[in-house]
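Listed below, chain by chain, are the residues.
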Amino acid sequence: MMPFTELVLASHNAGKLKELQAMLGEHVRVRSIGEFSSVEPEETGLSFVENAILKARHAARVSGLPALADDSGLAVDFLGGAPGIYSARYADGQGDAANNAKLLQVLKDVPDAERGAQFVCALALLRHADDPLPILCEGLWHGRILHAAQGEQGFGYDPLFWVPERGCSSAELTSTDKNQISHRARAMALLKQRLGI
Ligand SMILES: O=P(O)(O)OP(=O)(O)OP(=O)(O)OC[C@H]1O[C@@H](n2cnc3c(O)ncnc32)[C@H](O)[C@@H]1O
Ligand SMILES: [Mg+2]
């Protein structure tokens, strides 16, 4: 049984919001953090899970509602897991296109066999701002970094992420498909189990 009827999604990323809304919308009334605050808390954690908790805590505090946050990113094997928790800030805050250009440049001469990568998603749900026991769920999605962008769907690093099980980039998947197999989909499936929905 769902323990509440409404929650706030603690993300300022339109791509993520759309995906999370599609995965949750039928079970609970989903509000956006933008209704309550435009201030993005600084992501000072050293792990996905720490950052997810601090974003959810901030959202619960400003909204007075239960809050769900997603901290996610791309971990590239050849780079020892970078950009990881710094994925959004990889090109110093210049945005998705600059992040993707930097990643392609850094991996320029790296052969396919060494271009393995995974998308990581950590979800944190706080029932209220001082919740001492957040619900934490994680999901991974394995793939490989392409040599050039491919596809128009999705957001962020999707055009560079080859999905072996589908034989296309993650930006070539329909949103319905991506929402069934992505790192976020896996983390969300675990969260739904925990909530009994
Ligand atoms: O913190 P919020 O407000 O949620 O929004 P954000 O975009 O800053 O989100 P993160 O701090 O979690 O950073 C996630 C980074 O990883 C990328 N990313 C996460 N999930 C992705 C996905 O499904 N497809 C492509 N890129 C993704 C995304 O583009 C960002 O660069
Ligand atoms: Mg962020």
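Nothing here was measured: the structure is a model prediction, and the numbers come from that model.

Asks: I would appreciate a short explanation of unusual backbone geometry in the present structure.
Replies: Excluding glycine, residues mostly have negative phi values, and the peptide bonds linking residues are mostly trans. Between Ala-82 and Pro-83 the backbone carries a cis peptide bond, its omega angle lying at -5°. Position of Pro-83 among the secondary structure elements: in the loop between β3 (67-76) and α3 (96-106). Of note in this structure, Asp-92 is not a glycine but carries a positive phi near 55°. Looking at the secondary structure, you find Asp-92 in the loop between β3 and α3.

Asks: How do you make sense of the nonpolar core when you look at a structure like this?
Replies: Within soluble globular proteins, side chains that are nonpolar generally end up buried alongside one another. The biggest cluster of nonpolar side chains holds 21 residues, and the ones touching the most others in it are Leu-68 and Leu-191. Listing elements by their share of this core, those giving two or more residues are β1 (6-9), α1 (14-24), β4 (116-126), β5 (135-145) and α5 (183-195). Residues contacting Leu-191, with those up to four places away along its chain left out, are Leu-68, Leu-123, Leu-125, Ile-135 and Cys-137.

Asks: Just checking my understanding: could you explain the UniProt feature "binding site: Mg(2+)" (unreviewed entry) in the protein for this structure?
Replies: UniProt's entry tags Glu-42 and Asp-71 with the feature "binding site: Mg(2+)" (unreviewed entry), counted in the numbering of this structure. The named residues occupy 30 residues along the chain; their greatest pairwise C-alpha distance, 12.3 Å, places them in one compact cluster. Take Glu-42: it is sitting in the loop between β2 (29-32) and α2 (48-63). Relative accessible area serves as the criterion here: at 65%, Glu-42 is assigned to the exposed category. Topologically, Asp-71 is positioned in strand β3. Relative accessible area serves as the criterion here: at 2%, Asp-71 is assigned to the buried category.

Asks: I keep staring at the packing of aromatic side chains and nothing clicks. Help me out?
Replies: We describe a pair of aromatic rings using the distance from one ring centre to the other and the angle between the two ring planes. According to the stated counting rule, one finds 3 aromatic pairs in the structure shown. Taken together, a centroid distance of 5.1 Å and an interplanar angle of 50° make the contact between Trp-141 and Phe-161 tilted. Taken together, the positions of Trp-141 in strand β5 and Phe-161 in strand β6 (residues 161-163) put the pair 20 residues apart, joining distant regions of the chain. As far as burial versus exposure is concerned, Trp-141 and Phe-161 are alike and both buried. Feature note: the residues Phe-119, Trp-141 and Phe-161 constitute an aromatic cluster, connected by ring pairs. Over the aromatic face of Tyr-90 sits the side chain of Lys-102, whose NZ or CZ is 4.3 Å from the ring centroid.

Asks: So what exactly am I meant to see when it comes to the site of ligand 1 here?
Replies: The environment of ligand 1 is formed by 21 residues, the closest being Ser-11, His-12, Lys-16, Lys-55 and Lys-178. Within the side chain of Glu-43, a nitrogen or oxygen atom sits 2.9 Å from an oxygen atom of ligand 1. At 2.8 Å, a side-chain N or O of Asp-158 approaches a nitrogen atom of ligand 1. Starting from 610 Å² of accessible surface for ligand 1 in isolation, the protein chains cover 94%. For the shell around ligand 1, the secondary structure elements donating two or more residues are β3 and α5. The biggest single contributor to the shell around ligand 1 is β3, with 4 residues. Among the residues forming the shell around ligand 1, the class breakdown is 4 nonpolar, 8 polar and 9 charged.

Asks: Even after reading the chapter, I still don't get the pattern of salt bridges, so can you show me in this structure?
Replies: Any two side chains of opposite charge can pair, on the condition that their charged atoms come close. Applying the stated criterion across every chain, the model contains 16 salt bridges. For the salt bridge of Glu-6 with Arg-29, the shortest nitrogen-to-oxygen distance reads 2.7 Å. On the criterion of sequence distance, the pair formed by Glu-6 in strand β1 and Arg-29 in strand β2 is long-range, its members being 23 residues apart. On the basis of relative accessibility, which here comes to 18%, the residue Glu-6 falls in the buried class. Between Asp-109 and Lys-108 there is a salt bridge, and its shortest N-O distance comes to 3.8 Å. Since its relative accessible area comes to 66%, Asp-109 is described here as exposed.

Asks: Got a minute to help me understand the sheet that holds β4 in this structure?
Replies: Remark on secondary structure: sheet strands pair via backbone hydrogen bonds, oriented parallel or antiparallel. Reading across from one edge, β2-β1-β3-β4-β5-β6-β7 is the order of the 7 strands in this open sheet, with mixed pairing throughout. Where the open sheet ends on each side, the last strands, each with one partner, are β2 and β7 (168-169). Pairing geometry for β1 and β3, over 2 bridges, is parallel. When the sheet's bridge partners are listed, Val-8 is paired in β3 with Ala-67.

Definitions and limits used
Residues numbered from 1 in each chain as written. Chains lettered and ligands numbered in written order. Predicted model: local features only at pLDDT ≥ 70, side-chain atom pairs only at ≥ 80, totals over all residues. Heavy atoms only, no water. Helix = DSSP H or I, 4+ residues; strand = E, 2+ residues; numbered from the N terminus. Core = buried A, V, L, I, M, F, W, Y, C linked by side-chain atoms within 4.5 Å. Buried < 20%, exposed > 50% of the residue type's maximum accessible area, 1.4 Å probe, protein only. Contact = heavy atoms within 4.5 Å. UniProt positions renumbered as here; feature names shortened; annotations may be inferred. Phe/Tyr/Trp six-rings, centres within 6.5 Å; stacked < 30°, edge-to-face > 60°. Lys NZ or Arg CZ within 6 Å of the ring centre and 35° of its normal. Near = heavy atom within 4 Å. Polar contact = N/O pair within 3.5 Å; in protein donor to acceptor, adjacent residues only side chain to side chain. Areas by Shrake-Rupley, 256 points an atom, 1.4 Å probe, with all protein chains shown as cover. Nonpolar A, V, L, I, M, F, W, Y, C, P; charged D, E, K, R; others polar. Salt bridge = Lys/Arg side-chain N within 4 Å of Asp/Glu carboxyl O. Pairing = 2+ DSSP bridges.

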